[in-house]
Amino acid sequence: MSRLAKPVEQLRDRYDVIIVGSGYGGGVSASRLARAGKKVAVLERGREFVTGEFPSRFPELRSELRISTQSMSSGSPTALYDLRIGEDIHVLVGCGLGGGSLVNAGVSLRPDPRVFGDEVWPGQLRQDGLLDDGYRRAEAWLRPSPHPRAGEFDKYQAIAGAAEKMGCQMRNTPVAVSFEENVNPAGLIQPACTSCGDCCSGCNVGAKNTVAVTYLPDAVRHGAELFTEIKVQRITKRPDGTWQVEARPSGSKTNGKGGGDQILLEADVVILAAGTLGSTEILLRSAEAGLAVSDRLGQRFSANGDIIAFGYGGSQVVNAIGVGHPSKIEGFEVGSSVTGQLEYRDSDNLDFEYAVQDGAMPSPIAPVLPVMFLPNGRLLGAVQSLISGVYKGPFARLQTFFAVSHDSASGRFALDGDRLNLSWPGAKDEPVYERLGVALSKIAGHVGGSYVQNPLAGTVMGQQPATAHPLGGCGMGSERGDGVVNHKGQVFDAGAGQDSTAIHRGLYVIDGSIIPRSLGVNPLLTITALAERAMLHMRADFGLSFDTEPVGAEQAADVTAPGAVQ
Ligand SMILES: Cc1cc2nc3c(=O)[nH]c(=O)nc-3n(C[C@H](O)[C@H](O)[C@H](O)COP(=O)(O)OP(=O)(O)OC[C@H]3O[C@@H](n4cnc5c(N)ncnc54)[C@H](O)[C@@H]3O)c2cc1C
Ligand code: SF4
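Residues numbered from 1 in each chain as written. Chains lettered and ligands numbered in written order. Predicted model: local features only at pLDDT ≥ 70, side-chain atom pairs only at ≥ 80, totals over all residues. Heavy atoms only, no water.

1. A word on the overall build of the protein chain
- Looking only at helices and strands, one finds twelve helices and 24 strands in the protein chain.
- Here the protein chain has a C-alpha radius of gyration of 22 Å; the compact-globule value for 566 residues is 24 Å, and the two agree.
- Taken along its principal axes, the extent of the C-alpha atoms in the protein chain is 70 × 50 × 45 Å.
- Within the protein chain, contacts between residues separated by at least 24 positions form 74% of all contacts whose residues are at least 6 apart in sequence.
- Within the structure as shown, the protein chain displays about 20,200 Å² of accessible surface, and the carbon and sulfur contribution to it stands at 49%.
- Separation between the mean location of the 52 positive side-chain charges and that of the 61 negative ones in the protein chain comes to 2 Å. (Helix = DSSP H or I, 4+ residues; strand = E, 2+ residues; numbered from the N terminus. Rg over C-alpha atoms; globule rule 2.2 N^0.38 Å. Contact = heavy atoms within 4.5 Å. Areas by Shrake-Rupley, 256 points an atom, 1.4 Å probe, with all protein chains shown as cover. Lys, Arg positive; Asp, Glu negative; His and termini not counted. Charge placed at Lys NZ, Arg CZ, Asp CG, Glu CD.)

2. Remarks on the site of ligand 1
- Neighbouring residues of ligand 1: 36 residues in total, closest Glu-44, Arg-45, Gly-100, Gly-512 and Leu-524.
- In this structure, Gly-25 approaches ligand 1 through a main-chain N or O atom, which is 3.0 Å from an oxygen atom.
- Here ligand 1, which alone exposes 990 Å², has 94% of that area covered by the protein.
- Every element with two or more residues in the shell around ligand 1 is listed here: helix H1 (24–35), strand E6 (90–94), strand E11 (230–237), helix H8 (275–288) and helix H12 (524–541).
- Here the residues of the shell around ligand 1 are counted per class, giving 17 nonpolar, 15 polar and four charged. (Near = heavy atom within 4 Å. Polar contact = N/O pair within 3.5 Å; in protein donor to acceptor, adjacent residues only side chain to side chain. Nonpolar A, V, L, I, M, F, W, Y, C, P; charged D, E, K, R; others polar.)

3. Some thoughts on the sheet that holds strand E3 (residues 65–68)
- Spatially, E4-E3-E5-E6-E21 is the arrangement adopted by the five strands of the open sheet, whose pairing is mixed. Edge positions in the open sheet fall to strand E4 (73–74) and strand E21 (466–467), since each of these has one partner strand only.
- Direction of pairing for E6 relative to E21: parallel, over a ladder of two bridges. Considered in E21, the bridge of Val-91 is made with Thr-467. (Pairing = 2+ DSSP bridges.)

4. Here's the deal with unusual backbone geometry
- Note that the residue after His-325, namely Pro-326, is joined by a cis bond; omega there is 0°.
- Here Pro-326 lies in the loop between strand E14 (307–312) and strand E15 (340–344).
- The backbone of Arg-143 sits at a positive phi, close to 45°, despite the residue not being glycine.
- The topology assignment puts Arg-143 in the loop between helix H5 (130–142) and helix H6 (154–166).
- At Asn-304, a residue that is not glycine, the phi angle is positive and equals roughly 60°.
- Relative to the helices and strands, Asn-304 is located in the loop between H8 and E14.
- With relative accessibility at 0%, the residue Asn-304 sits in the buried group. (Buried < 20%, exposed > 50% of the residue type's maximum accessible area, 1.4 Å probe, protein only.)

Dropping the structure here:
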């Protein structure tokens, strides 16, 4: 099977640009800088998944889960899902070539303009007009659109009924999914979505417009070199102003270069794009080793007011459990993982706004859903579903809600020995969770069901909230007293004396960690837009030349063999 990533033995000692991580921030940076003719390497700790290789059964899914607490970890360090169980809040992120895009629902929304009116953002973001440019470019490459038959799906209709009753708007949600066969901007032929509902365990059709089928193959086509199963530990500034990147093999591969497990590389420019947890951890480690950075590092963590919750025991069939591809039930359609959302708007108070999406559980989880709901005493229904399968009985009426809103961004990262620790005392008492609880009870109640905040509350998950939208840690600011990076993603230099806006030349953070507050919408489009905007600034600052035009259809390659773009 062809792949985008190269064998680690081909890693060179020096690059113009080293990009750490391959999600939205990393993918955009790799594509644009490779198009500018730079010698680019992308280092990703996870593995490459080609279309068709995502988990389709529970045993496969289970082996793609790494769970870490403050004292232990279980599961492979290169598993597709990385779940951090915290004392105050839990965080789920994706791990693999393409980052979170591999396992997300692809919901792509711009935030309310009031979000950027917050003084927490550096003023330049509002002033230079490039953010809008960034969004346009992000939309041109990820091509979000609503499911063309959104309103026909049972899960959509259940929420739409509640929206009407609650006086809320219902909206067909734009998702980064191809609903028709097409040649995408990276020149890959993508088939049409089959409405299998498995977006959150990875698209085995090739219809989801992930980073792995858009920005990354474009980067490779323009000469970037991608390497997987390499975990970056820290970066060091060399006396000549260039950067040293220290990494280790994260999986079964050895570095093939001798000299033990340590990998030392050099670059003129380093872009940290390892996600909110990854980039913050690398900068904290680098600071511990002497890099002078803002003392705001680790602060302003936000969970984006995000929760995944359920409506159980309803009387209406919602068919919100994926069937996968090849389909486990012929002729059965679930829709994309999200097709619509109920929106509560408040013109006086942005924080009170929320959206609730009609999520779907991916099919590999289906066999354990009855077991998940057992501790809450729903034995009878669970047994019934074990007999009839989750596509009939009570689990055919199980609603999955993805909710987004606003929180106070008061979480804080620190290193605890070798582990990244996230603390947020009082996280579960953030007012957003109570507001969402009230709303979700009404939505579940509309079809006769009950709101279940967390069916795993009786386990190690406890009562703490969990998020799949971690933001912050390396938040933007106008100077080092209020942020870790500036509006371009350049890291402030805390050792530069009086000048509080001085930066470390050639060191960037470009991913969700630079977002200093909740967005109130799912974050991928904003992360991508900020990355596209950062690239426009880099182009001007370094005198680079690149365009972002799509690759011509005449060079099209099959999405199931992305290596064919090389
Ligand atoms: C189940 C799920 C559903 C979601 N649904 C949506 C949705 O519908 N819409 C939306 O907007 N958002 C959604 N999200 C969130 C979204 O996917 C993330 O916000 C987004 O992927 C973050 O992008 P990023 O560029 O910051 O980093 P990521 O996409 O997290 O990429 C960072 C990459 O860096 C790698 N990395 C980390 N540390 C290191 C290291 N030390 N060395 C090398 N590599 C490293 C990681 O393995 C990862 O591949 C969802 C997330 C999950 C988990
Ligand atoms: S619904 Fe299925 S085919 Fe469509 S994007 Fe999601 S995983 Fe892919």
